Amino acid sequence: MSALHTVKVDGEARYDILIGPGLLGDARIAHTLRGKHALIVSDANVAPLYADRVEAALRSGRPALHVARYVMPAGEQEKTLARFCECLDALAALGATRDAAVIALGGGVVGDLAGFAAACWMRGIDVVQIPTTLLSMVDSSVGGKTAVDLPAGKNLVGAFHAPRAVIADTAVLRTLPARELRAGLAEVVKYGAVFDENFFSWLEAHASALVAGEDAALAEAIARSCQYKAEVVSRDPFEHGERALLNFGHTFGHAIECELGYAGTDRDALNHGEAVAVGMVLAARLSAAVGRAPLSDARRVETLLQHLGLPTAIPAGLDAPALLARMRLDKKAVAGGLRFILLNHIGDATVVSGVPDQAVLEVLRAG
Ligand SMILES: NC(=O)c1ccc[n+]([C@@H]2O[C@H](COP(=O)([O-])OP(=O)(O)OC[C@H]3O[C@@H](n4cnc5c(N)ncnc54)[C@H](O)[C@@H]3O)[C@@H](O)[C@H]2O)c1
Ligand SMILES: O=C(O)C(=O)C[C@@H](O)[C@H](O)[C@H](O)COP(=O)(O)O
Ligand SMILES: [Zn+2]
């Protein structure tokens, strides 16, 4: 991506998503600040690569700024209440006042945890999201969902807290491990599957370029994904309705992540994007099983994900009833039972209740 691209989020919270190479050192980062304190939250992989650049950008625009860092260990297994408390302790040590800002520099784990700390510190301070993975650029930095995991389930403790700005420096993707790039592509496929068959076809045509990390293809995928997400969260920021479509594949995916103990950095386990890839195949098959979508659409989803180098089968050893039990704590579930995002066809999806457990179990057993 050579040019700067801006996507606007509207509605209750208005902010810009800036996308382009070189933004980490840009003075615009400092312009997002209102007070005298900034806490950079990052992880042990990202901070050594990029925190100095961000801190320099903050200081160049605001020489009197008090800046501190909270650097957590990397990985989903660290998205915990314990790390969240450490982050709050770092805000206390900084003396952060209500006009302070949290600067979330990292992937979705850092963004979710730092965003939740910002939502809670003094009942809510600014958070600026600086996503450094493809997944966080196309999805987690936008829309204000923040959370940490519990052993019982993904993202069970959290808040809606919109960022003040999202600044996505696409040049940082050059240091992102290939596996993490592919994981981000799973959430990109999600937008095509639920919103736009043309985009899905574009992804099919550009799968090799995307996996190879080609700049032009990635730039297009990031900009279009942010546009889909911005439009939905502008209309439905708190997931009262259509925002739930962004959860396609997640009822299955979150159950898999949880059953695997959030060990997504292990070679044999699945990270979030990978679990969502498997979940989307299962959700597409469930759509066919209950007679909503043709089975050929489920095959098409599976084939695209395979071309993108993503897993499409449930890891060996996971038990179908145990996965179903995990799903009961899905946030879309209501007293009446589970709700799934099912395809009508590629490019169109619906929130569906009343899916029989037996149908879900059959899909899980075959998966
Ligand atoms: N809030 C939301 O709307 C939302 C949406 C989607 C996903 N999520 C959450 O996001 C999380 C997954 O995020 P993720 O896929 O970004 O994983 P992640 O944050 O764990 O990052 C993946 C790995 O890449 C490393 N990394 C990050 N940027 C790097 C870079 N530029 N160069 C080198 N290494 C880098 C990290 O240290 C980590 O090891 C999950 O917890 C998921 O639940 C939230
Ligand atoms: O922004 C949303 O809404 C999403 O559902 C995006 C998902 O990709 C993301 O993984 C989200 O964190 C899941 O939310 P949850 O409410 O199921 O925890
Ligand atoms: Zn997700």
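Note that the structure is a prediction, hence the values are computed from the model and not measured.

Conventions adopted
Residues numbered from 1 in each chain as written. Chains lettered and ligands numbered in written order. Predicted model: local features only at pLDDT ≥ 70, side-chain atom pairs only at ≥ 80, totals over all residues. Helix = DSSP H or I, 4+ residues; strand = E, 2+ residues; numbered from the N terminus. Contact = placed C-beta atoms within 7 Å. UniProt positions renumbered as here; feature names shortened; annotations may be inferred. Near = placed C-beta within 6 Å. Nonpolar A, V, L, I, M, F, W, Y, C, P; charged D, E, K, R; others polar. Domains from an automatic or database assignment. Pairing = 2+ DSSP bridges. Axes fitted to C-alpha atoms, helices over the stretch in contact; angles between N-to-C directions. Parallel < 35°, antiparallel > 145°, perpendicular 65-115°, else oblique. Left-handed = near helix turned anticlockwise from the far one by under 90°. Buried ≥ 20, exposed ≤ 12 C-beta atoms within 10 Å, placed from the backbone. Core = buried A, V, L, I, M, F, W, Y, C linked by C-beta atoms within 7 Å.

Asker: Just checking my understanding: could you explain the overall build of the protein for this structure?
Answerer: Helix and strand counts for the protein come out as 14 helices and 11 strands. Along the first, second and third principal axes, the C-alpha set of the protein runs to 60 × 40 × 40 Å. Taking contacts inside the protein between residues at least 6 apart in sequence as the whole, the part at least 24 apart equals 75%.

Asker: Explain the UniProt feature "domain: 3-dehydroquinate synthase N-terminal" (unreviewed entry) in the protein to me, please; I cannot follow it from the model alone.
Answerer: Residues annotated in UniProt with the feature "domain: 3-dehydroquinate synthase N-terminal" (unreviewed entry) correspond here to residues 70–182. Between the C-alpha atoms that bound residues 70–182 there is a distance of 28 Å. The span itself is 35% helix and 30% strand.

Asker: Help me understand the site of ligand 2, please; the structure alone is not making it clear to me.
Answerer: Close to ligand 2 lie D139, G143, K145, K154, N155, E187, E239, R243, L246, N247, H250 and K331, which account for all nearby residues. A breakdown of the residues in the shell around ligand 2 according to their chemical character gives one nonpolar, four polar and seven charged. A domain-level breakdown of the shell around ligand 2 finds at least three residues from each of domain 1 (5–175) and domain 2 (178–366).

Asker: Help me understand the site of ligand 1, please; the structure alone is not making it clear to me.
Answerer: Near ligand 1 you find 32 residues, and of these N45, G107, G108, T133 and S140 are the closest. For the shell around ligand 1, the secondary structure elements donating two or more residues are α4 (108–120), α5 (134–140), β8 (153–160), α6 (178–195) and α11 (272–289). Tallied by class, residues from the shell around ligand 1 come to nine nonpolar, 15 polar and eight charged.

Asker: In this structure, what is going on with the environment of A359? I would like to understand it.
Answerer: With respect to the element layout, A359 can be found in helix α14 (residues 357–366). Spatially, the C-alpha atoms of A359 and L286 are 7.2 Å apart, while their sequence positions differ by 73 residues. Leaving out residues up to four positions away in the same chain, A359 has contacts with L286, A289 and V290.

Asker: Got a minute to help me understand the sheet that holds strand β2 (residues 15–20) in this structure?
Answerer: Strands pair in a sheet through their backbones, by hydrogen bonds, and they do so in one of two ways: parallel or antiparallel. The sheet built from seven strands is open, its strands ordered β1-β2-β9-β6-β5-β3-β4 with mixed pairing. Each of the sheet's edge strands pairs with one partner strand only, and the pair in question is β1 (5–9) and β4 (66–72). Neighbouring strand axes in the sheet, compared pairwise and without regard to direction, differ in orientation by 15° on average. The strands touched by helix α3 (residues 81–94) within the sheet are β3 (37–43) and β4, with β4 carrying the most contacts at an inclination of about 165°.

Asker: Sorry, what's going on with the packing of α6 against helix α7 (residues 197–205) here?
Answerer: The relative placement of two packed helices is expressed as an angle between their axes plus a distance between the axes. Look at α6 against α7: their axes get within 6 Å of each other, and the N-to-C directions meet at 140°. In terms of orientation, α6 lies oblique with respect to α7. Here α6 runs over α7; the crossing is left-handed. Of the residues in α7, those touching α6 at V188, V189, Y191, G192 and A193 are F199, F200 and L203.

Asker: Where do I start with the pairing of β2 in this structure?
Answerer: One face of the sheet, then the other: side chains in a regular strand alternate in exactly this way. Counting buried residues in β2 gives five out of six residues, a clear majority hidden from the surface. Bridging between β1 and β2 involves five bridges; their strand directions are antiparallel. Pairing of K8 across the sheet is with D16, part of β2. Alignment of β2 against strand β9 (residues 165–169), held across four bridges, turns out to be parallel. Bridge pairing links I19 to A168 in β9.

Asker: Whenever I open this one, the nonpolar core confuses me. Can you help?
Answerer: Considering soluble globular proteins, one finds that nonpolar side chains tend to be buried as a cluster. Counting residues in each nonpolar core, the largest one holds 126 residues, and the members touching the most others are V41, V54, V102, I103 and L105. Of all the elements, α11 adds the most residues to this core, at 11 residues. If we ignore the near neighbours within four places in the chain, the residues touching V41 are Y70, C87, V102, I103, A104, L105, V110 and A114.

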